[in-house]
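Structural overview
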Amino acid sequence: MGSAAPPAQIPTSFGHELRACLRCRLVKTYDQFRDSGCENCAFFKMDEDHERIVECTTPNFNGIISVMDPSRSWAARWLRIGKFVPGVYTLAVSEALPEDLQNLCEDERVQYVPPKRV
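Because the structure is predicted, anything quoted here is derived from the model rather than measured.

The subject of this paragraph is the packing of aromatic side chains. According to the stated counting rule, one finds two aromatic pairs in the structure shown. Here the aromatic rings of F84 and Y89 are separated by 6.3 Å at their centres, their planes lie at 15°, and the arrangement is stacked. Neither residue differs from the other here; F84 and Y89 are each classed as buried. Cation over ring: K28 sits above F33, and NZ or CZ is 5.1 Å from the ring centre.

Quick look at a negative patch on the surface now. A contiguous patch of negative charge on the surface is contributed by D47, E48, D49 and E51. Residue placement: E48 occurs in the loop between α1 (30–36) and α2 (50–56). Its relative accessible area of 62% is what places E48 among the exposed residues.

A few words now on unusual backbone geometry. Phi is mostly negative for residues that are not glycine, and the peptide bonds are mostly trans. Notably, R25 is not glycine yet its phi reads approximately 75°, a positive angle. Turning to its location among the elements, R25 is positioned in the loop between β1 (18–21) and β2 (27–29). Take R25: its relative accessible area is 16%, and that puts it in the buried class. One non-glycine residue, R80, lies in the positive phi region at around 60°. In this structure, R80 sits in the loop between α3 (74–78) and β5 (87–93).

Restricting attention to buried positions, one finds in helix α4 (residues 99–107) the residues L101, L104 and C105. Each buried residue of α4 sits inside an arc of 100° when the element is viewed along its axis, so together they form one side. For α4, the exposed residues set more than 90 degrees away from the buried face come down to E99, E106 and D107. The secondary structure elements touched by the buried residues of α4 are α2. At the exit of α4 stands R109, carrying a positive phi of roughly 60°.

With that out of the way, let us pick up a nonpolar patch on the surface. Taken together, the side chains of I10, F14 and I64 present a nonpolar region at the surface, about 310 Å² in accessible area. Mapped onto the fold, I64 is located in strand β4 (residues 61–67). With a relative accessible area of 40%, I64 lands in the partly exposed category.

The antiparallel open sheet is built from three strands, whose spatial order is β2-β1-β3. Two strands bound the open sheet, and with one partner strand each, they are β2 and β3 (57–58). Bridging between β1 and β3 involves two bridges; their strand directions are antiparallel. Residue C21 lies in a different strand from β3, and its bridge partner there is T57.

Analysis parameters
Chains are numbered independently. Their residues run from 1 in the order of the written sequence. The predicted nature of this model means local features are confined to residues of pLDDT at least 70 and side-chain atom pairs, given and counted, to a pLDDT of 80 or more, with totals for whole chains, interfaces and linings taken over all residues. Side-chain metrics rest on all non-hydrogen atoms present in the structure, leaving aside hydrogens and water. Only Phe, Tyr and Trp rings take part, Trp by its six-membered ring, and two of them pair if their centres are within 6.5 Å. Stacked means planes under 30 degrees apart, edge-to-face means over 60, and tilted covers everything else. Exposed residues in this analysis have more than 50% of their type's maximum accessible area, buried residues have under 20%, and partly exposed residues fall in between, with area computed by a 1.4 Å probe over protein chains only. Think of it as a cone above the ring: NZ of Lys or CZ of Arg counts as a charge over the ring if it is within 6 Å of the ring centre and within 35 degrees of the ring normal. The patches reported here contain residues having more than 30% relative accessible area and no salt bridge. Joining distances are 9 Å for like charges and 5 Å for nonpolar side chains (Val, Leu, Ile, Met, Phe, Trp, Tyr). The accessible surface values rely on the Shrake-Rupley method and a 1.4 Å probe; as for residues, cover is taken only from the protein chains in view. Counted as salt bridges are all cases of a side-chain nitrogen of Lys or Arg within 4 Å of a carboxyl oxygen of Asp or Glu. His is not counted, nor are the chain ends, whereas Lys and Arg count as positive and Asp and Glu as negative. Here the site of a charge means NZ on Lys, CZ on Arg, CG on Asp, or CD on Glu. Numbering goes from the N terminus for both helices and strands, where a helix is a DSSP run of H or I of at least four residues and a strand is a run of E of at least two. Think of the arc as the fan of directions from the helix axis to the C-beta atoms. Contacts are assigned to residue pairs that have any heavy atoms within 4.5 Å of one another. A pair of strands is labelled paired if DSSP reports no fewer than 2 bridges between them.

Below you can see the structure in the form of structure tokens.
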């Protein structure tokens with residue numbers, strides 16, 4: 001067995017201060033994103049640029065799932081989070097990542113899948 005990725009921070013509160021990353025859907029509090037950024041999207045540098053937190057995350061999301069072993073979880077694979085670190089994720093976000101940050105994903109050669117329009 002290979003070494004597992006260290007898990008993301010677990011939200012310290014489950015109130016209105018929760019936010020979800022618009023790219024990977026990781027859920028943490030604003031303060032946690034400010035302190036350590038997004039464990040899956042370090043290239044956004046949210047821990048260095050606090051305005052980036054508002055651009056890269058949203059408080060508008062549906063449902064939460066905790067994933068302990070993403071590579072072995074059928075639910076994580078179905079939600080397309082099977083290659084991310086263990087942590088708490090949202091089932092869906094309703095906002096798209098701003099175009100300049102979509103371009104940054106492209107430059108970093110990381111996949112971004114925009115939310116489905118319903």
